[in-house]
Amino acid sequence: MTVKVALRTLLERSVKKMGKGMNPVVKASALEMVERAYNEGITVQISAGYRSLEEQANLYGQGRVYSYKGKNYSNLAKPIVTKAKPGQSYHNYGLAIDFFIVSDDGRRAIWTVNSKWQRVAAIGKGLGFKWGGDWSSFKDYPHLEMTGGLSYTQLQAGKEPRLTFKLEKREMQKSGKGDNHIISIQQTLNGRNETAIEGDGFYGPKTRSALIKGLQTEMNKQFNKKLVVDGKWGPKTKNAIVTIKKGASCNITWILQATLYMKGYNPGPIDGEFGKNTETALYKYQRASGISADKLAGKETWNDLFA
């Protein structure tokens with residue numbers, strides 16, 4: 001009798017394959033796709049995510065004579081596998097993933113593009129991805145990307161995409177104003193911490209920095225940590241973190257709830273009360289991120305949320 005591979009195993013493999021450079025919205029959406037497919041009886045995992053420029057050069061050098069930044073990446077012994085030079089793949093910006101179907105026991109990769117494969121692609125598209133199988137010229141069936149409408153040139157210039165979550169039964173518009181809950185969080189951060197972030201409903205670097213400022217402020221108020229409130233996730237802030245758990249009622253819990261929501265894990269009311277919904281959202285985030293799923297918001301969890 002074949003024992004079906006556990007969902008946790010597929011998620012852990014996928015997290016490892018995506019790497020550390022993923023856009024948080026893309027990463028959360030990819031893991032949601034794996035889970036939704038599993039619930040429909042389809043076992044799938046992510047095979048690739050973030051790819052460094054050097055890794056891209058290594059791929060591009062297959063089947064070609066090619067040098068990048070003074071290093072020879074030529075590999076004529078292997079066939080050409082990509083047309084994308086370094087910086088010309090959305091993988092280089094953490095905005096793309098590749099996937100494949102696995103056997104029910106999780107031991108064998110299945111590369112046949114069949115109804116299961118197409119269903120997974122449809123789930124991904126429903127979460128906001130574009131599928132390489134829909135391309136008119138070169139069809140890349142394992143490929144899914146979420147680019148926010150930005151070109152490689154814009155990304156190379158440092159522009160960041162405004163991506164939106166479609167998780168936990170909440171939908172956000174892809175144009176105009178973003179999520180109303182995020183707008184409320186941004187307004188609360190401005191009021192509490194005298195920040196001036198735009199209330200646009202999108203999670204970006206300024207909102208992240210404001211959340212860290214809020215956490216630093218609360219650590220100073222509640223635990224006299226004497227941190228510099230600069231919105232930077234540095235070693236002193238990391239080391240000062242205290243653990244909170246179910247039953248906690250404070251502004252630190254509010255920051256945890258707000259950050260989980262930004263990452264695509266709905267904690268229910270963002271009210272500073274660490275209840276069952278917050279615990280469940282935290283557990284799902286920990287499990288998907290491949291960190292200790294202990295339902296405690298300690299140093300490992302906070303570091304993963306803000307690193």
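Presented here is a report on the structure given in the accompanying data block. (Residues numbered from 1 in each chain as written. Predicted model: local features only at pLDDT ≥ 70, side-chain atom pairs only at ≥ 80, totals over all residues. Heavy atoms only, no water.)

1. A word on the overall build of the protein
Here is the rule we go by: To qualify as a helix, a DSSP run of H or I must reach at least 4 residues; to qualify as a strand, a run of E must reach at least 2; elements of each kind are numbered from the N terminus. C-alpha atoms define the radius of gyration in this analysis, and the globule rule sets the expected value at 2.2 Å times the number of residues to the power 0.38. A 1.4 Å probe rolled over the protein chains alone gives each residue an accessible area, and that area as a share of the maximum for its type sets the label: buried under 20%, exposed over 50%, partly exposed in between. Whether two residues touch is decided by their heavy atoms; if any such pair falls within 4.5 Å, the residues are in contact. All accessible-area figures derive from a Shrake-Rupley calculation using a 1.4 Å probe, and residue coverage is judged against the displayed protein chains alone. Counted charges follow a simple rule, with Lys and Arg positive, Asp and Glu negative, and His plus the chain ends left uncounted. To locate a charge, take NZ of a lysine, CZ of an arginine, CG of an aspartate or CD of a glutamate.
Along the backbone of the protein there are 11 helices and 7 strands. Relative to the compact-globule value of 19 Å for 307 residues, the protein shows a C-alpha radius of gyration of 21 Å, a close match. Considering only C-alpha atoms, the protein reaches an extent of 60 × 55 × 35 Å along its principal axes. Put simply, the protein has 307 residues, and 50% of those count as buried. Within the protein, contacts between residues separated by at least 24 positions form 54% of all contacts whose residues are at least 6 apart in sequence. In the structure as shown, the protein presents an accessible area of about 15,200 Å², 48% of it carried by carbon and sulfur atoms. Positive and negative side-chain charges in the protein, numbering 47 and 27 respectively, have mean positions lying 4 Å apart.

2. Let's talk about the pairing of strand E1 (residues 44–48)
The line we're drawing: Two strands pair under a simple rule: DSSP has to find at least two bridges between them.
Within E1, 4 of the 5 residues are buried, leaving the element largely enclosed by the surrounding structure. Taken together, the 4 bridges between E1 and strand E4 (residues 96–102) define a ladder with antiparallel strand orientation. Along E4, the bridge assignment pairs Ala48 with Asp98.

3. Some words on unusual backbone geometry
The phi dihedral of Asn224 falls on the positive side, at around 50°, and the residue is not glycine. Mapped onto the secondary structure, Asn224 falls in the loop between helix H7 (205–223) and helix H8 (235–240). Under the relative-accessibility criterion, Asn224 is labelled exposed at 53%. The phi dihedral of Lys295 is positive, around 65°, even though this residue is not glycine. Mapped onto the elements of the fold, Lys295 is located in the loop between helix H10 (276–289) and helix H11 (299–306).

4. Examining the packing of aromatic side chains
Heads up, the rule is: Under the pairing criterion, centres of Phe, Tyr and Trp rings, with the six-membered ring standing for Trp, must be within 6.5 Å; the plane angle then separates stacked pairs below 30 degrees from edge-to-face pairs above 60, leaving the rest tilted. For a lysine, the NZ atom is tested; for an arginine, the CZ atom; a charge sits over a ring if that atom is within 6 Å of the ring centre and within 35 degrees of the ring normal.
Throughout the structure, instances matching the rule amount to 10 aromatic pairs. Counting every residue linked through ring pairs, the aromatic cluster contains Phe99, Phe100, Trp111 and Trp117. In this structure, Arg64 is placed above the aromatic ring of Tyr60, and the distance from its NZ or CZ to the ring centre is 3.9 Å. Across from the ring centre of Trp254, 4.5 Å away, lies the NZ or CZ of Arg192, which sits over that ring.

5. A word on the nonpolar core
For the record, the criterion: Take the buried Ala, Val, Leu, Ile, Met, Phe, Trp, Tyr and Cys residues and link them wherever side-chain atoms come within 4.5 Å; each set so joined is a nonpolar core.
Counting 76 residues, the largest nonpolar core has Met33, Ile97, Phe99, Leu215, Leu256 and Trp302 as the members making the most contacts within it. A per-element tally of this core places helix H2 (residues 24–39) first, with 9 residues. Apart from residues lying up to four places away in sequence, Leu256 is in contact with Ile244, Phe274, Thr278, Leu282, Ala297, Trp302 and Leu305. Ala57, Tyr60, Tyr68 and Tyr73 belong to the second largest nonpolar core, which has 5 residues in total.

6. Describing the packing of H2 against helix H4 (residues 115–126)
When two helices pack together, their arrangement is given by the angle between the helix axes and the distance between those axes. What counts here: Helix axes are fitted only over the stretch in contact, all axes being lines through C-alpha atoms; the angle between N-to-C directions runs from 0 to 180 degrees. Here is the rule for angles: anything less than 35 degrees is roughly parallel, anything more than 145 is roughly antiparallel, 65 through 115 is roughly perpendicular, and the remaining ranges are oblique. Helix crossings are classified by the rotation of the near helix relative to the far one: an anticlockwise turn of less than a right angle makes the crossing left-handed, while a clockwise turn makes it right-handed. In the scheme used here, Gly and all other residues not listed as nonpolar or charged are polar, with Ala, Val, Leu, Ile, Met, Phe, Trp, Tyr, Cys and Pro taken as nonpolar and Asp, Glu, Lys and Arg as charged.
The N-to-C vectors of H2 and H4 enclose an angle of 135°; their axes lie 9 Å apart at closest approach. As far as their axial angle goes, H4 and H2 are oblique. Every pair of crossing elements has a handedness; the one defined by H2 and H4 is right-handed. Residues Met33, Arg36 and Ala37 of H2 form the contact with H4, whose participating residues are Val120, Ile123 and Gly124. Considered class by class, the residues forming the contact of H2 with H4 number 4 nonpolar, 1 polar and 1 charged.

7. As for the pairing of E4
Counted residue by residue, E4 has 7 buried out of 7 residues, so it is predominantly covered. Of the two faces of E4, the one holding Ala96, Asp98, Phe100 and Val102 and the one holding Ile97, Phe99 and Ile101 are both buried throughout. Where E4 meets strand E7 (residues 143–145), 3 bridges bridge the pair, whose relative direction is antiparallel. Bridged to Ile97 within E7 is Leu144. Note that E4 and strand E5 (residues 109–110) share 2 bridges and pair antiparallel. For Ile101, the partnering residue across the bridge sits in E5 and is Ile110. Linkage of E4 to E5, two consecutive antiparallel strands, is achieved through a turn of 6 residues, within which Gly106 is found at a positive phi near 80°.

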